[in-house]
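# Reading the structure
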Amino acid sequence: MTLSPCPHEKEIAALLTRGQWPHAAPAELRAHVGVCRPCTELALVTSAFQVSRTTAAAAAPLVSPGVLWGRAQLRRRNAAIERVTRPILGAQIFAFSVCIAVAIGFAGSHAGQGLDWITSLSQLFPPHSLDVTRLWPTSLTGSGSVLWVLVPLLGTLALLGGAAVYIGSSEER
Amino acid sequence: MPLESILPSLFAGEAFRAAALPAELPPEALMGNDAFAGFYSRSARPLWAYLARVSADPALADDLMQESFVRFLCAARPDDGEVAARRYLFRIATNLLRDYWRRPRHASIEEIPEEFFADVSSSAQSDSRVLLGPALAQLILRDRQLLWLAYAEGYSHHEIAEVTGLASASIRLLLFRARRRIAALLRDQNPQGWPSS
């Protein structure tokens, strides 16, 4: 395959672009196209594409430019609002994370008292009627092991809360 | 809850009006409504023709053309004349078309354009589509784009490289091969020759 162009290609291309092919072309150029493969292909392909372009452009269904202009304005405005609200959303997530961390710390520090309260509550009722600890696995009923239940529970709550905030903010947008 | 009610002072004041335009976009980079209407009237038909013929889907061409113009209006671009603006518009459309092609999709029979089933031979206006369409359909998207930009739009190799994002040096070879292939397909379809423009 050779890529060397025919010296007449530019001349023929110019005539084709101006719509003057083949009427305004010199006879020797028309004769050349008959024998030169690259020039034949150029004339064939360019004619086909230009005819296709003309018919397709005439059939183009166009909307009003005002509609597109308005849509672009709206999109720019939405992009600007998003830029403004992004730091606010970040602050919300940060504040929520701090709240969750404080809640976990508080729950951890008061877990022992909570266990005492549950135990004292169970003493008000007959034995084994409200013994919550009986519901737990035996490996978790030791002192301080209630943290192993509370921490994952609060972690799950934090995750669900984060997901809810994320979904809520996505819908607002 | 609307954000305006949460932050009334911010949205009512100068801060919001200034923020309504992208920060990286100076006001002079935005095309005015009247200027856009003129540009649209000169560019929309060629762009639609490009998208419709290369994609072979007029409905898709409608959507992509509108999206191209909206993105064009939202984009930050240097104001260096209408020719460059049109090239930029074709670049956006080319990228949108390529993205659409790469996206996985499940076509159902309802999604196929109506004219695909129509008797196109009865319409004189669709002659070029009947002749060029099947030949184009046998080429890959990149070759269709290259051929259209070169032979329908008359873009130079350098301009095609700018529009398609391909290396300028490779355009010549790719175009040469694509032209040879479509010429053979057109000759096979229409041995009597193509009507001159």
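Residues numbered from 1 in each chain as written. Chains lettered and ligands numbered in written order. Predicted model: local features only at pLDDT ≥ 70, side-chain atom pairs only at ≥ 80, totals over all residues. Heavy atoms only, no water.

## Topic: the overall build of chain B
When helices and strands are tallied, chain B shows 10 helices and zero strands. Helices and strands in chain B line up, N terminus first, as α-α-α-α-α-α-α-α-α-α. Of all intrachain contacts in chain B linking residues separated by at least 6 positions in sequence, the fraction that spans at least 24 positions is 68%. Of the accessible surface of chain B, which amounts to about 10,200 Å², a share of 56% is contributed by carbon and sulfur atoms. (Helix = DSSP H or I, 4+ residues; strand = E, 2+ residues; numbered from the N terminus. Contact = heavy atoms within 4.5 Å. Areas by Shrake-Rupley, 256 points an atom, 1.4 Å probe, with all protein chains shown as cover.)

## Quick look at the packing of helix 9 (residues 157–164) of chain B against helix 10 (residues 168–189) of chain B
All names here are of chain B. Closest axis-to-axis distance for the helix 9/helix 10 pair is 8 Å, and the angle between their directions is 105°. Comparing their axes, helix 10 and helix 9 come out roughly perpendicular. For the pair formed by helix 9 and helix 10, the contact residues are His-157, His-158, Ile-160, Ala-161 and Thr-164 on the first element and Ser-168, Ile-171, Arg-172 and Leu-175 on the second. Residues belonging to the contact of helix 9 with helix 10 are distributed by class as follows: four nonpolar, four polar and one charged. (Axes fitted to C-alpha atoms, helices over the stretch in contact; angles between N-to-C directions. Parallel < 35°, antiparallel > 145°, perpendicular 65-115°, else oblique. Nonpolar A, V, L, I, M, F, W, Y, C, P; charged D, E, K, R; others polar.)

## Points about unusual backbone geometry
Look at the link from Trp21(A) to Pro22(A): it is a cis peptide, with omega at 0°. Secondary-structure assignment places Pro22(A) in the loop between helix 1 (9–17) and helix 2 (27–35). Positive phi, close to 60°, is recorded for Ala56(B), a residue that is not glycine. Along the chain, Ala56(B) falls in the loop between helix 4 (33–55) and helix 5 (58–74).

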